[in-house]
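# Coordinates in review
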Amino acid sequence: MTEPQKLTNDQLLSLFERMTLIRLMEERLRADAAAGKLPGAVHLYIGQEAVAVGVCANLRDTDWITSTHRGHGHFLAKGGDPKAMMAEIWGKRTGICKGMGGSMHVADLSKGILGANGIVGGGFAIATGAALTAKLSGNGRVAVAFFGDGAANQGVFMECLNVSSLWQLPLVFVCEYNHFCEFTPTVTVTSGEIADRAKAFKIPAEIVDGNDALAVSNAAAKAIEWARSGKGPAFIEARTYRIQGHLESEDLFLSGGKYREIQEIDEWRKRDPIARLREHLLSANVATASRLDEVSAKIARTVEDAVRFAEAGEPADPELTFDVMFSGQKP
Ligand SMILES: Cc1ncc(C[n+]2csc(CCOP(=O)(O)OP(=O)(O)O)c2C)c(N)n1
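Parameters and conventions
Residues numbered from 1 in each chain as written. Predicted model: local features only at pLDDT ≥ 70, side-chain atom pairs only at ≥ 80, totals over all residues. Heavy atoms only, no water. Near = heavy atom within 4 Å. Polar contact = N/O pair within 3.5 Å; in protein donor to acceptor, adjacent residues only side chain to side chain. Nonpolar A, V, L, I, M, F, W, Y, C, P; charged D, E, K, R; others polar. Phe/Tyr/Trp six-rings, centres within 6.5 Å; stacked < 30°, edge-to-face > 60°. Helix = DSSP H or I, 4+ residues; strand = E, 2+ residues; numbered from the N terminus. Buried < 20%, exposed > 50% of the residue type's maximum accessible area, 1.4 Å probe, protein only. Lys NZ or Arg CZ within 6 Å of the ring centre and 35° of its normal. Contact = heavy atoms within 4.5 Å. Pairing = 2+ DSSP bridges. Axes fitted to C-alpha atoms, helices over the stretch in contact; angles between N-to-C directions. Expected span 1.5 Å × (residues − 1). Arc of directions from axis to C-beta. Salt bridge = Lys/Arg side-chain N within 4 Å of Asp/Glu carboxyl O.

Here we come to the site of the ligand. Taken together, 15 residues lie near the ligand, and H69, R70, G118, D149 and G150 sit nearest. Taking N178, its side chain carries an N or O atom lying 2.9 Å from an oxygen atom of the ligand. One nitrogen or oxygen atom from the main chain of F180 is found 2.9 Å from an oxygen atom belonging to the ligand. Of the residues assigned to the shell around the ligand, the class counts are five nonpolar, seven polar and three charged.

Between two aromatic rings, the relevant description is the distance of the centres plus the angle of the planes. By the definition in use, this model includes 13 aromatic pairs. With a centroid separation of 6.5 Å and an interplanar angle of 45°, the aromatic rings of F124 and F173 are classed as tilted. You can see F124 sitting in helix α5 (residues 122-137) and its partner F173 sitting in strand β3 (residues 171-177), a full 49 residues away along the chain. This pair shows no difference in class: F124 is buried, exactly as F173 is. With centroids separated by 6.2 Å and ring planes inclined at 45°, the aromatic side chains of F157 and F235 adopt a geometry described as tilted. In this pair, F157 is assigned in helix α6 (residues 155-166) and F235 in strand β7 (residues 234-239), connecting sequence segments 78 residues apart. Each member of the pair, F157 as well as F235, is classed as buried. Connected via pairs of aromatic rings, a cluster forms that spans F180, F183, Y241, F253, Y259 and W268. Across from the ring centre of Y177, 4.3 Å away, lies the NZ or CZ of R239, which sits over that ring. Of note, R260 hangs over the ring of F180, and the distance from its end group to the ring centre comes to 5.3 Å.

The next thing to look at is the side chain of T20. Inspection of the secondary structure assignment puts T20 in helix α1 (residues 9-34). T20 sits in the buried class, given a relative accessible area of 6%. Of the polar contacts made by the side chain of T20, one reaches the backbone oxygen of F16; its length is 2.7 Å. Setting aside its immediate chain neighbours within four residues, T20 contacts I274, S296 and I299.

The strand order across the open sheet formed by five strands is β1-β2-β3-β7-β6, and the pairing between neighbours is parallel. The open sheet terminates on both sides in strands that have one partner only, identified here as β1 (64-66) and β6 (205-209). Ignoring strand direction, the axes of neighbouring strands in this sheet form an average angle of 20°. Lying on the sheet, helix α8 (residues 213-228) is in contact with β3, β6 and β7; it crosses β6 at an angle near 160°.

With that out of the way, let us pick up α6. The periodicity of an α-helix, 3.6 residues per turn, causes residues three or four positions apart to be oriented the same way. Compared with the 16 Å implied by 1.5 Å per residue over 12 residues, the 17 Å span of α6 between its first and last C-alpha is a close match. Among the residues of α6, those classed as buried are F157, C160, L161, S164 and S165. Seen end-on, α6 carries its buried residues on one side only, within an arc spanning 120°. Buried positions along α6 lie against α5, β2 (143-148), β3, α7 (194-199) and β7. Two residues or fewer after α6 comes Q168, characterised by a positive phi angle close to 55°.

Evaluation of the coordinates by the stated rule reveals 20 salt bridges. A salt bridge links R28 to E304, with the nearest nitrogen and oxygen atoms 3.0 Å apart. Highlighted residues: R28 in helix α1 and E304 in helix α12 (residues 289-312), separated in sequence by 276 residues. In this structure, E206 engages K222 in a salt bridge whose closest nitrogen and oxygen atoms are separated by 3.1 Å. With a gap of 16 residues between them, E206 in strand β6 and K222 in helix α8 connect regions that are remote in the sequence. A residue is classified by how much of its surface remains accessible, and K222, at 33% relative accessible area, is partly exposed. It is possible to trace a salt-bridge network through shared partners that takes in R28, D32, K37, E304, R308 and E311.

Shown next as structure tokens:
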């Protein structure tokens, strides 16, 4: 595909709706984390919504994704159920993994969501394996590996670039360059351009503005089509910014220390991906302001329902460990 992608008004609105869903879910998790209501750490995706949504809008339900420790956005963008995700983060039996996984392990195989992952770089090999399955079975599926700029320094990244190119696997690498690896600015630990690492393996690579949903979607459409048509892997590096801390409790253990300036965060807030898409929808007469406000209000109710559902659930049952982690055997 060489022509820029042309999206219908419904498709554009759906991008806005899905990004707003992620934002409002994350805002609510931020508040509930601060109020001490959540049982574990949460790594929020605020500011990066255009990446997950722009990519997943071009995937089929049967395609696969692998995610990261910052995985709520990927889960929702791929069509995961907000209630089941919220209950999972609250550690409830009604959660998508029966409350046994928590925030860093949200997964739904029925939606092709092969899982968030607490191991940095843990998704690469899973996505490569899924892409190998697709190739061997000829089922026409594509796998997408979402990963951070920090994960690009893990050795397994090189291994997966290598075999996916050698075996021409239907795999799309999506690097979310959000400028930080925990509390370390990426430029201080990363040599050269990450996209060049893909090019070294003869994988076509594109760097896009990761805060521009339309640019991401356009690049993803090309990359996914490339992979699906049997030409091998493709690579996207989406330049974005992590607005929240690495995790919500970081202030507690940074004890007043800081690793970035507030002005930098404010600069990136001006490039907010949802505000930018909203602006575009208004100026291109795709929707009126009141229509977009209605969408946001509807999503706010969805989030409220998800919280009620999570609150009402029973806590996870530790005995379930033997069913969901060990198949037919006790350790
Ligand atoms: C193998 C491994 N090493 C280290 C960690 C600790 N750790 C958790 S998140 C993180 C930074 C990851 O940065 P990046 O891949 O850029 O993702 P981001 O947090 O920016 O989304 C590190 C080092 C880990 N979870 N797994």
